[in-house]
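Single-letter residue listing:
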There are 2 protein chains.
Amino acid sequence: MSIFFSRQCEYAIQSAIYIAQKPAGQWTTVKELTGHLNVPYHFSGKILQNLSRKGVLISMKGTRGGFALAKPARDVTLFDIVDAVDGSAFHKACVMGFPRCGDGHECSLHDQWGILREKIYKMLVKKSLHDLAHDMNKPGYQILPDALKNSLK
Amino acid sequence: MSIFFSRQCEYAIQSAIYIAQKPAGQWTTVKELTGHLNVPYHFSGKILQNLSRKGVLISMKGTRGGFALAKPARDVTLFDIVDAVDGSAFHKACVMGFPRCGDGHECSLHDQWGILREKIYKMLVKKSLHDLAHDMNKPGYQILPDALKNSLK
DNA sequence: TTGAAATCAGACAAATTAGTCTGATTACTA
DNA sequence: TAGTAATCAGACTAATTTGTCTGATTTCAA
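So, a few notes on the structure that sits alongside this text. (Residues numbered from 1 in each chain as written. Chains lettered and ligands numbered in written order. Predicted model: local features only at pLDDT ≥ 70, side-chain atom pairs only at ≥ 80, totals over all residues. Heavy atoms only, no water.)

### Here's the deal with the protein's contact with DNA strand D
Logical step 1: Surveying the vicinity of DNA strand D reveals 23 residues, the closest of which are Arg7, Pro40, Phe43 and Thr63 of chain A together with Ser59 of chain B.
Logical step 2: Sugar and phosphate atoms form 69% of the subset of DNA strand D atoms that lie within 4 Å of the protein.
Logical step 3: In this structure, a phosphate oxygen belonging to DNA strand D sits 2.7 Å away from a side-chain N or O atom of arginine 7 of chain A.
Logical step 4: Take tyrosine 11 of chain A: an N or O atom from its side chain is 3.3 Å from a phosphate oxygen of DNA strand D.
Logical step 5: Secondary-structure elements contributing two or more residues to the surface near DNA strand D are α1 (7–21) and α3 (41–53) of chain A together with α3 (41–53), β1 (57–60) and β2 (66–69) of chain B.
Logical step 6: Of the residues in the surface near DNA strand D, the class split is six nonpolar, 11 polar and six charged. (Near = heavy atom within 4 Å. Polar contact = N/O pair within 3.5 Å; in protein donor to acceptor, adjacent residues only side chain to side chain. Helix = DSSP H or I, 4+ residues; strand = E, 2+ residues; numbered from the N terminus. Nonpolar A, V, L, I, M, F, W, Y, C, P; charged D, E, K, R; others polar.)

### What about the relation of the copies chain B and chain A?
Logical step 1: Placing chain B over chain A gives an RMSD of 0.0 Å and needs a rotation angle of 180 degrees, together with 0.0 Å of translation along the axis. Classification of the inter-copy transformation places it as that of a two-fold axis. Residues of chain B ranked by C-alpha distance from the rotation axis are headed by phenylalanine 4 of chain B, positioned 3.0 Å from it. (Least-squares fit on C-alpha atoms with pLDDT ≥ 70 in both.)

### Here we look at the protein's contact with DNA strand C
Logical step 1: Taken together, 22 residues are adjacent to DNA strand C, and Ser59 of chain A together with Arg7, Pro40, Phe43 and Lys46 of chain B come closest.
Logical step 2: Counting only the atoms of DNA strand C within 4 Å of the protein, the fraction contributed by sugar and phosphate is 64%.
Logical step 3: Between arginine 7 of chain B and DNA strand C, the recorded distance is 2.8 Å, taken from a side-chain N or O atom to a phosphate oxygen.
Logical step 4: Note that a phosphate oxygen of DNA strand C is positioned 3.4 Å from one of the side-chain N or O atoms of tyrosine 11 of chain B.
Logical step 5: Mapped onto the surface near DNA strand C, the elements with two or more residues apiece are α3, β1 (57–60) and β2 (66–69) of chain A together with α1 (7–21) and α3 of chain B.
Logical step 6: The residue inventory of the surface near DNA strand C, partitioned by class, reads six nonpolar, 10 polar and six charged.

### Things to note about the interface of chain B and chain A
Logical step 1: Counting residues at the interface gives 44 residues for chain B and 44 residues for chain A.
Logical step 2: Contact between chain B and chain A buries roughly 4200 Å² in total, counting both sides, with carbon and sulfur atoms accounting for 71%.
Logical step 3: Summed over the shared surface of chain B and chain A, the result is zero salt bridges.
Logical step 4: Among the elements of the structure, α1, α4 (78–86), α5 (110–126) and α6 (129–135) of chain B are those that each provide at least two residues to the side of chain B that touches chain A.
Logical step 5: Sorting elements by how many residues they give to the side of chain B that touches chain A places α5 of chain B first, with six residues.
Logical step 6: Looking at side-chain class alone, the side of chain B that touches chain A contains 27 nonpolar, nine polar and eight charged residues. (Contact = heavy atoms within 4.5 Å. Buried area = accessible area lost by both parts, 1.4 Å probe. Salt bridge = Lys/Arg side-chain N within 4 Å of Asp/Glu carboxyl O.)

So this is what it looks like as structure tokens:
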């Protein structure tokens, strides 16, 4: 049970936050990212390419290339990332998997779960990458264990 | 993104509800279950065996055998099922996958998600199989599409 | 203009999850 | 007591997700 998002989605979120923490206009390479983030190098490449295909990031090839946000961090929500990677099936599907739920034959949890799901959705939509980047820069917050941080290139 | 529970867990929940709808003391065979529930026959067997190993169900071999609840339906919560199948990692793990979150280096969503997660947990703990079985017996509720229901043995 | 450093593309491998098959064992019934 | 219908166990296959590898292309800088 990967908690709520797929692992790929977790990686994407963490990557986006990392990129958003840097001054706008700077490019971030896969190498730098995976040095800070404990995401497998090549997998990271794939994920970032995917995000740029989806319009969340932009990329530049070449020596001074890398990835950057396609829009200002204030204008990208957490939901945008999740939606780009995992889709938004959790909006629709029955939490217990009953096929007719939401179809006039709602399951016993339908309403309760609907309320919670909506709260989760609002949480995702209200958090911008700017918020996240800002929060996670504060002292108590930290993206990685020190051990890993020290071992970066 | 399998919404929230693994598919196996969804099957387990649906099966448990089905069994709980029958009068106490009756045995339910895999054949009957999969006739009503659209769960692959052999996979269903595995899942039910697993649930009985975990103490949620009991089983009896032989001609008139099958599976039944190990305890009264009022005493089995939805959380018991989920916990038996998927575990309860969602209690602990960071929703965005940050390794140090919950360790003094909380992520930006930690508190908000904690509140929602607790509500989800309460929802699971408060729903007994008896509640579920009762609710899903009401007219508007229905476990399966008619088409499937009609094609049962 | 050449070399280095980056993305990009796609095939491949490994791990996990989902689903299938077969044969053994058990218990009821005729 | 023999046959049937069920669980049980475990090996196997298939599908999905995760992760790896290689080579091509692009861009910059010496």
